[in-house]
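# Observations on the three-dimensional arrangement
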Amino acid sequence: MRLLSGEIFLNGRTRKAVAFDETGIIAFDDEALELDVEFEELGSAFLTHAFMDGHAHPLFAGREHLGPDVTNAKSVAEMQKIVAAWLADNQSPIWAVGGAYVRSIVDGGVFLASWLDEVAPDRPVVLHGSDHHTLWANSEAMRLAGVLSEAPSLSVGSIDVDASGRPTGVFRETEAKELITDAIPELSMADELKALTWAHAELASLGISAVQDAWMDKGMVEVYLAAEDLGELVLRTNLAFWVRPESWRADAKRFIAERTRITALRSPKLSARTVKFFADGVFGSATASVKKPYDSSAGYLGDPVWSSEELNASVAHFAAADFQIHIHAIGDAGVAMALDAIEKAGCPANSVIAHTELVAEEDIPRFAQLGVIANFEPLWAREDGMLTSCLHHLGRERLDSMYRMRDILDSGAKISFGSDWPVSNPDPLLGLFTATHRALPETPEVSWTPHQRITEKEALHAYTLAVAQQLELTADCSDLVILSGNPLKANVLDITVLETIIGGQTVFARQ
Ligand SMILES: [Zn+2]
């Protein structure tokens, strides 16, 4: 058992002491101080619930980390340098698969295979875009995938081509991306576990104790099972099975079987209670589904991934099978379609709409009415390159009405936070700063949309207890974080994570 005294904030209350062990919190305040345990003084540090990430992709992040990491590259030349260095250091695997390139560095995200060919003329290179709805391949990767000379026709998404119809390197949305990714040899289980272990260590170092892995793709459930089996799973993780319009009826049985297998483990760390739908695409590629046409393309309303009839049927089917519903919806028409499907399925408990970037006025009250949790990625609510790259598609008025956290909270609905890592930085402290300032860290006084700011307490709740509710974890589980200062009072950007505690056990301690 541990007993800590000092500045403590738990379940919305300030405390002066807390005692806990691996079973949970034992006592607070005087009752805790009377226990026969030596107490640790927090001093200037601050203890609260550990952060939880309501929408992320740790295994994707880990897999990308095995390849060239261009996340922080500010130019194509810098990316070329990183790829060249990785290739020189890694003779195997043959394929260099990494990420995540910032799409807004090049106008329209039109990256060229030939730029990668300059540093990788004879080895396949694939880089994921930071939105993870696009990827950039070189010529050798396209050749091995059989799409070097001609772009196959697609039902959703697109492939960038030149005047003669030859692919030029960028593949947008799942169907297009899979032309390339299906050609990549599978990673060994040892590499998969290395990727997951790295990702969990990264998240633990940021004070995160639990995560919604929001997209189970081929082979991923096996990696989690292997990690759990070896006792290597660090964070509490709930898995979401990816429901696809073309195969959901056939896949449903497999999801149930895999859920049964995971439930039978009775693991305190691993669950698989959720199904994930994509209602639409993203704004950067103008594939999100909108109510009014894009400014960039006359009459064009984006690409809904589902027909509404089929989405309604599928959501109702999985709700009846007792799965939690988690729907990616970005455009206002995509959000409306997701709300409709949840409503028609009888409003299953703790349904989540993730991203909720653009919500029409008439749909704002529906989150509270239907009990839907709006999951936001707070770091997106600032005027950076990612946001401004959507300006020509959306126009100023629509762009400035994105991420209505204040309005949705005021409507009485619940909001939870996530990072969508590796789409964006998973650091919750940076997320708290952005939610409360809607500004860039270097210019905190210049708020993009100040009327949508939320308070420090609301933001902290959205990144802790609200996600616990979304993940259906009990609020008093002893997942705690010790921070160097109090984010409700001090400048959150000056604060660091000192210790992360999951189930009463320290999983990260700053040296
Ligand atoms: Zn995501």
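In this convention, every chain numbers its residues from 1, walking through the sequence in written order. Thresholds applied to this predicted model are a pLDDT of at least 70 for local features of residues and 80 or more for the giving and counting of side-chain atom pairs; totals over whole chains, interfaces and linings are not thresholded and use all residues. Side-chain metrics in this entry use all non-hydrogen atoms of the structure; hydrogen atoms and water are not considered.

## Thoughts on the sheet that holds strand β11 (residues 208-216)
For the record, the criterion: Between any two strands, at least two bridges found by DSSP are needed for them to pair. A run of H or I in DSSP counts as a helix once it spans at least four residues, and a run of E counts as a strand once it spans at least two, with each numbered from the N terminus. Geometry is summarised by axes, namely lines fitted to C-alpha atoms with helices restricted to the contacting stretch, and by angles between N-to-C directions that run from 0 to 180 degrees.
The strand order β5-β11-β12-β13-β14-β15-β16-β17 describes an open sheet built from eight strands, whose pairing is parallel. Taken across any chain shown, the strands that pair with only one partner, and hence form the sheet edges, are β5 (51-56) and β17 (415-417). Neighbour-to-neighbour, the strand axes of the sheet open up by a mean angle of 25 degrees, direction not taken into account. Looking at chain direction, β11 and strand β12 (residues 236-242) are connected through five bridges and run parallel.

## Some details on the nonpolar core
For the record, the criterion: Residues enter a nonpolar core if they are buried and are Ala, Val, Leu, Ile, Met, Phe, Trp, Tyr or Cys, with the set joined through side-chain atoms within 4.5 Å. Each residue is placed in one exposure class: buried if its accessible area under a 1.4 Å probe, protein chains only, is under 20% of its type's maximum, exposed if it is over 50%, and partly exposed if it falls in between. Marked domain ranges trace back to an automatic or database domain assignment. Contact criterion: two residues are considered in contact whenever any of their non-hydrogen atoms come within 4.5 Å of each other.
Of all hydrophobic cores here, the largest spans 107 residues; its most connected members are Phe277, Phe283, Phe318, Phe367 and Phe417. When residues in this core are grouped by element, the largest group, seven residues, is from helix α8 (residues 220-229). Mapped onto the domain boundaries, this core takes at least three residues apiece from domain 1 (1-49 + 481-511) and domain 3 (189-477). Beyond its immediate sequence surroundings of up to four residues, Phe277 is in contact with Val243, Trp306, Leu311, Ser314, Val315, Phe318, Ile325, His326, Ile327 and His328.

## Some remarks on the packing of helix α2 (residues 58-66) against α8
Heads up, the rule is: Angular relationships are summarised with four words: roughly parallel below 35 degrees, roughly antiparallel beyond 145, roughly perpendicular across 65 to 115, and oblique for the angles in between. Each residue gets one label: Ala, Val, Leu, Ile, Met, Phe, Trp, Tyr, Cys and Pro are nonpolar, Asp, Glu, Lys and Arg are charged, and the others, such as Gly, are polar.
Where α2 meets α8, the axes come as close as 11 Å, and the angle between the chain directions of the two elements is 90 degrees. Here α2 is positioned roughly perpendicular relative to α8, judged by the angle of their axes. Of α8, the residues touching α2 (which contributes Pro58, Leu59, Phe60 and Arg63) are Met220, Val223 and Tyr224. In terms of residue class, the contact of α2 with α8 is built from six nonpolar, no polar and one charged.

## Some thoughts on the coordination of the zinc ion
Our working definition: Here a donor is any nitrogen, oxygen or sulfur atom (N, O, S) within 2.8 Å of the metal, with 3.2 Å used for Na, K and Ca; water is not among the atoms considered, so some sites may look incomplete.
Of the protein atoms, only His55 (NE2), His57 (NE2) and Asp420 (OD) coordinate the zinc ion, at distances of 2.1 Å. Counting residues between consecutive donors of the zinc ion along the chain gives the motif H-x1-H-x362-D. On the accessibility criterion, His55 (0% relative accessible area) is buried.

## Section: the domain arrangement of the protein
For clarity, the cut-off: Accessible area, probed at 1.4 Å, shrinks when two parts are joined; the buried area is that loss added up over both. Salt bridge, as used here: a side-chain nitrogen of Lys or Arg that lies within 4 Å of a carboxyl oxygen of Asp or Glu. The term polar contact refers here to a pair of N or O atoms within 3.5 Å; inside protein, the definition further demands a hydrogen-donor-capable atom paired with an acceptor-capable atom, and it admits residues adjacent in sequence only when both atoms are side-chain atoms.
When its domains are assigned, the protein resolves into domain 1 (1-49 + 481-511), domain 2 (94-181) and domain 3 (189-477). Relative to domain 3, the C-alpha centre of domain 1 lies at a distance of 29 Å. Overall, the association of domain 1 and domain 3 removes approximately 1700 Å² of surface from exposure, summing both partners, and the carbon and sulfur fraction of that is 76%. Applying the counting rule to domain 1 against domain 3 returns zero salt bridges. Inspection of the domain 1/domain 3 interface yields one residue pair in polar contact (both at pLDDT 80 or more). Contributing elements (two or more residues each) for the side of domain 1 that touches domain 3: β3 (24-28), β4 (39-49), β19 (497-502) and β20 (505-509).

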